[in-house]
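Structural overview
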Amino acid sequence: MIERSKVSGKKVALLGAAIAALTACSGDNNSSGRTLTYELNPRQFIIDESLGSVQFSGAPQPTSLHLSVGSGAYRSPAEEGRFFYTITDRGPTFPCSDSQQVIGVQDFCGAGNSGSVFALPDFAPRIQSWKLSGIGTGLRLEMTESLTLKDTVGNELNGLPNPTTQAVSEQAYDASGATLAKNANGIDPEALVKLDNGRFWVAEEYGPSLLLVDVDGKVLQRQVPAGTAGDFAAATYPVQDTYLPSILARRQLDRGIEALAVTPDNDFLYFVVQAPLLNPDVATAERSRIVRIGKLSLNEDGTINSLVGEYLYRLDTPSQFARKSDGKGDLANGEFLAQSAVTINEAVAVGEDYLVLVEQAKSVSKYYRVNLENAVSILGTQWDQFSSNNSLEQQYLVDDVPFVTKQLGYDTLSKTLPVGIDPLGENVEGLALLNANFTAVTNDSRYGLYGEQSRVAILPLGPFIVATAAPEWPVLSYDKSASFRRSDANFGAGAARTLAVDSVNAQMFVVNGQSNVVDVVDITTPLTPVAAGQIDTAAAAADAGVSLGAITGVTVGVEYVAVAIEHSNPQQNGIVALYNRDELTLAATFTVGAGPKMLTFDIIGQRVLVANEGRPSADYSVDPEGSVTLIDLSDGLATAEARQITFAEFNVGGARHNELPASVRVYGPGASVAQDLEPEHISVAADNDTVFVGLQENNAMAVLDLSEGTIEAIYALGTKDYGVVGNEVDVNDDGNVILKNWLDVAGMYQPDGVAAYRHAGANFVLTANEGEARNYSGFSEEFRASELDGVSAPAVDAANRSFADAGNNNELGRLKVTDQTGDTDGDGDIDIITAFGARSFAVWDASGNLVYDSGAELERMTFASLGANFNNTDANSDDRGPEPESVALLALGSRVYAFIGLTATGGIAVYDVSSPYGVQFVQYLNNRDFTANPAADTGDQSPEGLHAFYYDNVPYLAVGHEASGNVRIFEISLPSTTSN
């Protein structure tokens, strides 16, 4: 039922019911001993104030208009939590291109003409004051005042475009189709804050500008970008160009200053540009993800004292606003939106340099906590200037100017709204913090022209979007690191591959492939590592009675250190040796499957899981089955047995063969499913019951039920379309860096490293999508694209849109691809040219659905950082690019960070992955010098094994480097604990 109440002559409809699962929090904090006057709880109010109707020339019927109150919202900390303010924008308008949709008239502005139709040219923007009252279901919203904005002498302002000469403008038309003159008094408000002295600061898009508004609605001053005051000479209120950077005049049309925030003490005012600037052109602005945040200091009377900072904020990609797996979020015909759709819509200051920003693409909104405390200002630098060929907006990363720290607090894609609250929908533009628990969220309804209603939703978002402390990102630095390398280590011999750490006994275990031993390193002082001997694997060989081959992995549990060792014949069963954790004496050995590749303990250190790859012999005459071995030590070593979990049930004719997705790659010559599946890496989820197993060559993921010791499911991971914007790749090792899209070309994810974690009560797994080809003397699937010619390998279908480029070694022809995947119609040729790996990292849910993929980020980021040294001096661009191979996760406070090793390029990429719906780049570091002779390179090369750990409550990251043969140990710092 919809209840309606008369409020100051306005109609406000109340929808929704209280949420039983949520405890309503009173906004009347001093209610003891007196009647409770209001109690906030989830509610939705529909604002229904008619502005009459307009008959457009040639339209079949009049168009009804309704007030849109929600272009911005604000609640002053100096007032009770039930009072807040909203502001309208310039009034009811629509683009000329929408005239058929809105009023039923094609080309209303004239064929080929652009601009906007102003239904009410005299509409005066206004500020509304609101009051909440009532308890429980009786919560009511009342508009207590509507303050029209006026000039110095009290004449109402309007929303018409300004006569700007530096900022792009548009032509305005009235309801008859006649053109309207530009007006220096026109403003397009988008945000407001109220000062303790009763005055308001208002942000608007045209100038873009900031207006100081007195308590009676009169504009005291309008601040426009430097050098543009002359455009406003006809304004009938003071206009100054003293404080705003001149570059802001390069704003996009309808993309000016969109968000405004003031510190609770009124000392600082922040403004945020809605989208990237036209610096230098539209194409750049539409691709860029960089927006600017300004910080102004205020005088006691609320006027501006100075501009003290300008900072860089990085927008999310469109893929972070939707899920293709279930069609939820912002998609257009099943595809992600353009980058230009992502904007900043609102801001709130929790404290000095601690903001909450609202990002939106279309209907999905995301609420980010933002920290400017350690941000680098670009004021007075080259990045604060217009440039035609090297502008800020053309950069992917900016040297020595990191983006401000942002952490996702709430998003409408993954989280549900309270019962009775409609989806927030498009144009969420107002956010007012009412108290620590509740917010008022408003929308721009576009005055009903598109059928939307103006809404105010009271939502319990406070705990999600406001934390006690501003967010921080960890910092890795070579200045706070140490390198351990044996004196006999040879370049490229694998002297430091995988590793594990025992923080209790201050020991690090390093698999040394050169000497085929496990080195023990004393890390009592982590940044002064000292060699402390080796684990006795000869004892394991004697105990198992086998001839041992390569040592492939090591892990640490509660009582034991476990080591995985291949048989001297890799196609025969290997072993796992357990060593007492304290003395490192042999405790037991267990037979496992063929080719144990990686092993791990469960979360409580009682069960060992081993991924047995089961790789074939070089001539492919012997192909053992891949498997997972489970060793349960929970009842003691004496009764422990090794249990083999196989994939035999998925063989043709097996009980579960029909469960195997058709796109799981099973293609080895003569191989059964169980033989073909090759478990590579394994990770146990935080619930200690779900296990993720990467099947790299098969481009798949197996999920195990640890309690039952069974395979729960196998999921095909699919391919990544390199024809999609955001998935650009460099496919040629010609020494030139050319990142571009390739139509009908894809990459298989084929993860190497996998790492599970938990978010919002659900399991997710992060994968490093390195890629891997089967390339043996007896069978090889690896070809150059130019070799897909119908002779050496199947031909590329002539309908493939990269057909010509595939045969050209100056274009796509050098790319290494498979001849086993890509025949989508079964006619024997290659319809989709398919490469190995996705040159990315990704996050998947427990059902194998892709939640996040880093797209072209790793290549773009390394190119921005390393220039021509990108992709190992471009030598790996024809293969797997940077080769993201290994990953480690670290829980730091309430956050989860991923450290990703790039084997080919070198270096570590750091990301905040706490929410898979708000993954953020943190840092990339690489100390290679890329000398022509790799053996002479003084930096760390080929990170393969990563391990994050705590020692004495300090976090560290240890990285084993296969080529350079050293282990780098980083101490991980937070800015608040790092001295300048």
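Calculation notes
Residues numbered from 1 in each chain as written. Predicted model: local features only at pLDDT ≥ 70, side-chain atom pairs only at ≥ 80, totals over all residues. Heavy atoms only, no water. Helix = DSSP H or I, 4+ residues; strand = E, 2+ residues; numbered from the N terminus. Contact = heavy atoms within 4.5 Å. UniProt positions renumbered as here; feature names shortened; annotations may be inferred. Pairing = 2+ DSSP bridges. Axes fitted to C-alpha atoms, helices over the stretch in contact; angles between N-to-C directions. Phe/Tyr/Trp six-rings, centres within 6.5 Å; stacked < 30°, edge-to-face > 60°. Buried < 20%, exposed > 50% of the residue type's maximum accessible area, 1.4 Å probe, protein only. Lys NZ or Arg CZ within 6 Å of the ring centre and 35° of its normal. Disulfide = S-S within 2.5 Å. Patch = residues over 30% accessible without salt bridge, like charges linked within 9 Å, V, L, I, M, F, W, Y side chains within 5 Å. Areas by Shrake-Rupley, 256 points an atom, 1.4 Å probe, with all protein chains shown as cover. Salt bridge = Lys/Arg side-chain N within 4 Å of Asp/Glu carboxyl O. Lys, Arg positive; Asp, Glu negative; His and termini not counted. Charge placed at Lys NZ, Arg CZ, Asp CG, Glu CD.

**A few points about the environment of isoleucine 603**
Position of isoleucine 603 among the secondary structure elements: in the loop between strand E43 (596-601) and strand E44 (607-612). Considered as a pair, isoleucine 603 and glutamine 221 are 382 residues apart in the sequence and their alpha carbons are 62 Å apart. In this structure isoleucine 603 touches Val684, Ala685, Ala686 and Asn688, once residues within four positions along its chain are discounted.

**Quick notes on the UniProt feature "domain: Choice-of-anchor I" (unreviewed entry) in the protein chain**
UniProt's entry tags residues 493-955 with the feature "domain: Choice-of-anchor I" (unreviewed entry), counted in the numbering of this structure. This span, residues 493-955, is 6% helix and 39% strand, and a straight line between its end C-alpha atoms measures 29 Å.

**With respect to the sheet that holds E43**
Ordered by their spatial adjacency, four strands build an open sheet running E43-E44-E45-E46, and the pairing between neighbours is antiparallel. Each end of this open sheet is capped by a strand with a single partner; those strands are E43 and strand E46 (642-646). Across the sheet, the axes of successive neighbouring strands diverge by a mean angle of 20°, strand direction being ignored. The pairing of strand E45 (residues 627-632) with E46 spans five bridges and is classified as antiparallel. By the bridge assignment, threonine 629 is partnered in E46 with glutamine 644.

**As for the packing of aromatic side chains**
Within this structure, the stated rule accounts for 18 aromatic pairs. Considering the side-chain rings of phenylalanine 56 and phenylalanine 108, the 6.0 Å spacing of their centres and the 85° angle between planes classify their relative orientation as edge-to-face. Residue phenylalanine 56 is located in the loop between strand E4 (50-54) and strand E5 (63-66), and its partner phenylalanine 108 is located in the loop between helix H1 (99-103) and strand E9 (116-118); the two are separated by 52 residues in the primary sequence. Across this residue pair, the class does not change: phenylalanine 56 and phenylalanine 108 are buried. Ring geometry for tyrosine 749 against tryptophan 844: centres 5.1 Å apart, planes inclined by 85°, an arrangement best described as edge-to-face. Of this pair, tyrosine 749 sits in the loop between strand E52 (745-748) and strand E53 (754-759) while tryptophan 844 sits in strand E58 (residues 840-845), placing them 95 residues apart in sequence. For the pair tyrosine 749 and tryptophan 844, one class covers both residues: buried. Members of the aromatic cluster, each reached through a chain of ring pairs, are Tyr620, Tyr667, Tyr776 and Phe779. Here lysine 366 stacks its cationic end above the ring of phenylalanine 321, 4.7 Å away from the centre of that ring.

**Some remarks on the state of the cysteines**
Applying the stated criterion across every chain yields a total of one disulfide. The disulfide that involves cysteine 96 links it to cysteine 109, with 2.1 Å between the sulfurs. Here the S-S torsion is close to -85°, and the disulfide linking cysteine 96 with cysteine 109 is therefore left-handed. Of this pair, cysteine 96 sits in the loop between strand E8 (93-95) and H1 while cysteine 109 sits in the loop between H1 and E9; the two residues are 13 residues apart in sequence, bridging distant segments of the chain.

**So, a negative patch on the surface**
The grouping of Asp196, Asp265, Asp267, Glu300 and Asp301 at the surface amounts to a negative patch. Looking at the element boundaries, aspartate 301 is found in the loop between strand E21 (290-298) and strand E22 (304-314).

**Comments concerning unusual backbone geometry**
Each neighbour pair has its own omega, and for glycine 207 with proline 208 the value is -10°, a cis peptide bond. Within the element layout of this structure, proline 208 appears in the loop between strand E15 (200-204) and strand E16 (209-213). A cis geometry characterises the amide bond from asparagine 279 onward to proline 280, with omega recorded as 15°. Turning to its location among the elements, proline 280 is positioned in the loop between strand E20 (268-273) and helix H2 (282-287). The backbone of alanine 506 shows a phi angle near 55°, a positive value even though the residue is not glycine.

**Overview of the sheet that holds strand E59 (residues 850-853)**
With antiparallel pairing, four strands are arranged side by side in an open sheet as E53-E54-E58-E59. Looking at strand neighbours, the two that pair on one side only are E53 and E59, the edges of this open sheet. Taken over all neighbouring pairs, the strand axes of this sheet differ in orientation by 25° on average, direction set aside. Where E53 meets strand E54 (residues 762-769), six bridges bridge the pair, whose relative direction is antiparallel.

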